[in-house]
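What the coordinates show
Listed below are the residues making up each chain.
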Protein chains: 4
Amino acid sequence: MAGGQVKRAERGPGRPREERVTGAVLSAVLDLVTEQGMEAVTMDAVAARAGVSKPAIYRRWPGKHDLMIAAAETRIGVLTVPDLGDFRAELRAVLDARVEVYRMPGTARLLAGLIAAAEEGGEVRGAYQSYAARIMSETRKILERGKARGDVRADVDVRAAATLVAAPMIFRLVIEQQLPDEGFAADLADMIARAVGAPA
Amino acid sequence: MAGGQVKRAERGPGRPREERVTGAVLSAVLDLVTEQGMEAVTMDAVAARAGVSKPAIYRRWPGKHDLMIAAAETRIGVLTVPDLGDFRAELRAVLDARVEVYRMPGTARLLAGLIAAAEEGGEVRGAYQSYAARIMSETRKILERGKARGDVRADVDVRAAATLVAAPMIFRLVIEQQLPDEGFAADLADMIARAVGAPA
Amino acid sequence: MAGGQVKRAERGPGRPREERVTGAVLSAVLDLVTEQGMEAVTMDAVAARAGVSKPAIYRRWPGKHDLMIAAAETRIGVLTVPDLGDFRAELRAVLDARVEVYRMPGTARLLAGLIAAAEEGGEVRGAYQSYAARIMSETRKILERGKARGDVRADVDVRAAATLVAAPMIFRLVIEQQLPDEGFAADLADMIARAVGAPA
Amino acid sequence: MAGGQVKRAERGPGRPREERVTGAVLSAVLDLVTEQGMEAVTMDAVAARAGVSKPAIYRRWPGKHDLMIAAAETRIGVLTVPDLGDFRAELRAVLDARVEVYRMPGTARLLAGLIAAAEEGGEVRGAYQSYAARIMSETRKILERGKARGDVRADVDVRAAATLVAAPMIFRLVIEQQLPDEGFAADLADMIARAVGAPA
DNA sequence: TAATAACCGAGACGGTACGTCAAGTCTTCGG
DNA sequence: CCGAAGACTTGACGTACCGTCTCGGTTATTA
């Protein structure tokens, strides 16, 4: 019996929000960006595609940029790599996982739109930064595990190293505008292992 | 006597374009983005700031995105590093030069706007890609010089390595939204030297 | 009980249009044309004067010409002359009524703008023609009443005669660019009465 | 030999104007208005059609409106009716001549454009009014001849009567937007003859 | 059971930027 | 000085999108 009423108090009076709407909107954003690019992601277009009204969207997210970030999170979410006992293996796992996500159609456009959105002032910036931090957190963990384990050099700065790991893949996609592949992941793994790995 | 007029006027009939306009517009874009951010870079605002009419702008660039790319080129132009006889030194020169440019106010915003602009189809994309390629060309040259010299490993892929060099700085600025500094450049130089440098 | 809800809301879904906007726009057009002439009737100026946004105007009328016709209708509307039992008296009533309207400041400019607008193809033309027909309908009625009554000659063509009545006043205003006055109306009444009236 | 140098002094220094240009421009205006309507009569379009530069046009006419009036004059010029010894016959001659001109393609559009142009302030207005007066002068002459001859009533106001003659045809064309035909001219002649003719 | 409060779709609203077009002026070259 | 060609400013045009607000109506919780 205990805890039975925990959830009930969370809801005030009035009609509750329909979960269907939230999901439909996020899907609509991803669909539109994938099929037609960022230019097509209009609030009206999203509403029409999701079969939802504009106020219903604005009740959930304060603006377009916030919606973009939320949509990006469903695509490029947090990544978890288990302790494999070896830095090199875990590094490769992270890179391969990213290749897979970045090769999905629409990811490049989504990322570009996200970057543009982040240039805003205000609360959007905070949300974006926390999202960016979350994206890199797993890489950081791997580096710290490696340091503790001893197969990552003790003198590397984890923050700089994490940037070195995360940056090239996204750069190739967004700046060079080409899809990263497994060969690229392998090359990166080799180079980064030499860069931060403890000498044999 | 022959050849006296080799460089004859390359100009067709009619009034030639005023150079003053082209320069004023590009400056206006940079000023606006620096002082007020990408949102303030309105075609009307640019025209007003440059003391120029809108049609004069559209005669030179077909759309806003093209203008953005042109403006970015004047800020983040091609970089030249002379042969210093040592890969490590040249690497550090490239990274330091980039730190300097990226720390200038407005560069982050300009870059973000540029990335968003590049998501367009059509000619804008081509212009952007050629620009991106130009940005990385010097890094490539350094790597190739190093390979020839023997202080860069023979087995590294130049393209992948160039991405490894160029990406982290821009990533820190645009994704992590922090100004890169000399310490970061030094950390990167250390790591990249280990990644691609020939073993002692 | 039946029929209780005959006049149920004829309104579709969504926020209804505000009547205030429609009225304010039409007034703004008339004010501007009266005070500053047709050249001042800019969509932006109308919007500003009416305290309304441009899209709100374009939602109601597809273009500037349509707006002009609508504004003209509120100024030079349909005219009604009751049966006075005598053609001559009714003719004079029509002419005097027109003198009054045409002497209002801005009517000449409005009419000239209207004529220019009518030269368009498409729907504008239809709207204009139906408006022109409405303007002449009362004149036609008077002529037909006179014919039935016997104080208008049986052999006159009503259409041609209606043109003879309506044309001179507007011609004097727009072509000769002078304000018609009561003396002119009296002269016309005399002549037209001889032209179409039944001989004593 | 006398008079040999009369014309030479009329010309200042420099290259004389080519007559070809003046004619080509006026023709281009009429062609454009006939084929595509007033909207197509752009200064650039006229220049292109005439194979002439814009400055060459502006050297001859101070503005677009003046050019329009000049073009209208070449189409709807001054009309001359000889003394036929009978008011009724001369009236019919005037009306038939107008029918012929007004039925030419493009005349309606030209007239509408002219009316719109006249709503300008400044010098254009004067030019337009003198043109309008010229258009009506022949009608006036006929009425005065008739009065002198005795087959026009002595008590009619010539100005008002001239308006009565000139207005209906142009009204049918521009306001009712229909081509006047000979039947209409005949109806008008009958009515106007009764309106101003001396009783048998 | 009734009231209340928050939800829902639909769509108009103000504001602001976009990219285009026309008028009239000015500048270059050549005849 | 005339001519063609074309760039220049000014200012209006009509469209698109954003974020808000107002409808009529629905659905849940509270009184």
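A brief structural summary. (Residues numbered from 1 in each chain as written. Chains lettered and ligands numbered in written order. Predicted model: local features only at pLDDT ≥ 70, side-chain atom pairs only at ≥ 80, totals over all residues. Heavy atoms only, no water.)

Some words on the protein's contact with DNA strand E
Among the 48 residues in the neighbourhood of DNA strand E, the closest are listed as Ser53(A), Arg59(A), Met43(B), Tyr58(B) and Arg60(C). Atoms of DNA strand E within 4 Å of the protein: sugar and phosphate make up 61%, bases the balance. Lys64(B) is positioned such that a nitrogen or oxygen atom in its side chain is 3.1 Å from a phosphate oxygen of DNA strand E. Side-chain polar atom of Arg60(C) to a phosphate oxygen of DNA strand E: 2.4 Å apart, as the coordinates give it. Those elements that place two or more of their residues in the surface near DNA strand E are α3 (54–60) of chain A, α2 (43–50) and α3 (54–60) of chain B, α3 (54–60) of chain C together with α3 (54–60) of chain D. Along the lines of polarity and charge, the residues of the surface near DNA strand E split into 19 nonpolar, 9 polar and 20 charged. (Near = heavy atom within 4 Å. Polar contact = N/O pair within 3.5 Å; in protein donor to acceptor, adjacent residues only side chain to side chain. Helix = DSSP H or I, 4+ residues; strand = E, 2+ residues; numbered from the N terminus. Nonpolar A, V, L, I, M, F, W, Y, C, P; charged D, E, K, R; others polar.)

Side note on the relation of the copies chain A and chain B
When chain A is fitted onto chain B, the two copies agree to an RMSD of 0.3 Å after a turn of 179° and an axial shift of 0.1 Å. Those values place the two copies in the arrangement expected of a two-fold rotation axis. Scanning chain A for the C-alpha nearest the rotation axis identifies Ala195(A), at a separation of 2.1 Å. When you check the interface residues of chain A against chain B, 100% turn up at the interface there too, and the contact is symmetric in its surfaces. (Least-squares fit on C-alpha atoms with pLDDT ≥ 70 in both. Contact = heavy atoms within 4.5 Å.)

Some thoughts on the packing of aromatic side chains
Per the stated rule, a full pass over the model turns up 0 aromatic pairs over all chains. Directly above the aromatic system of Phe184(A) lies the positively charged group of Arg172(A), at a separation of 3.9 Å from the ring centroid. (Phe/Tyr/Trp six-rings, centres within 6.5 Å; stacked < 30°, edge-to-face > 60°. Lys NZ or Arg CZ within 6 Å of the ring centre and 35° of its normal.)

Things to note about the environment of Ser27(A)
Within the element layout of this structure, Ser27(A) appears in helix α1 (residues 19–36). Accessibility expressed as a relative area gives 40% for Ser27(A), which makes it partly exposed. (Buried < 20%, exposed > 50% of the residue type's maximum accessible area, 1.4 Å probe, protein only.)

A short note on the side chain of Glu90(B)
Residue and element names in this part refer to chain B. By the element assignment, Glu90 lies in helix α5 (residues 87–102). The exposure class assigned to Glu90 is buried, which follows from its relative accessible area of 0%. For Glu90, the contacting residues outside a window of four places in its chain are Val81, Pro82, Asp83, Leu84, Gly85, Ile142, Arg145 and Arg149.

Remarks on unusual backbone geometry
All names here are of chain B. Even without being glycine, Gln177 reaches a positive phi, approximately 55°. You can see Gln177 is positioned in the loop between α8 (158–174) and α9 (182–196). A relative accessible area of 11% means that Gln177 is categorised as buried.

Things to note about the interface of chain C and chain D
Every contact between the two is made by 42 residues of chain C and, on the other side, 41 residues of chain D. When chain C packs against chain D, close to 3700 Å² is buried across both sides, 60% of that on carbon and sulfur atoms. Considering only the surface of chain C that becomes buried against chain D, Glu119(C), Gln177(C) and Arg194(C) emerge as the three largest contributors, covering 18% of it. Inspection of the chain C/chain D interface yields 2 salt bridges. The salt bridge involving Arg159(D) is made with Glu176(C); its shortest N-O contact spans 3.6 Å. Counting the contacts that link chain C with chain D gives 16 residue pairs in polar contact (both at pLDDT 80 or more). Where the side of chain C that touches chain D is concerned, the elements lending two or more residues are α6 (107–118), α7 (123–149), α8 (158–174) and α9 (182–196) of chain C. With 12 residues, α8(C) is the largest single contributor of residues to the side of chain C that touches chain D. Split by residue class, the side of chain C that touches chain D holds 25 nonpolar, 5 polar and 12 charged. (Buried area = accessible area lost by both parts, 1.4 Å probe. Salt bridge = Lys/Arg side-chain N within 4 Å of Asp/Glu carboxyl O.)

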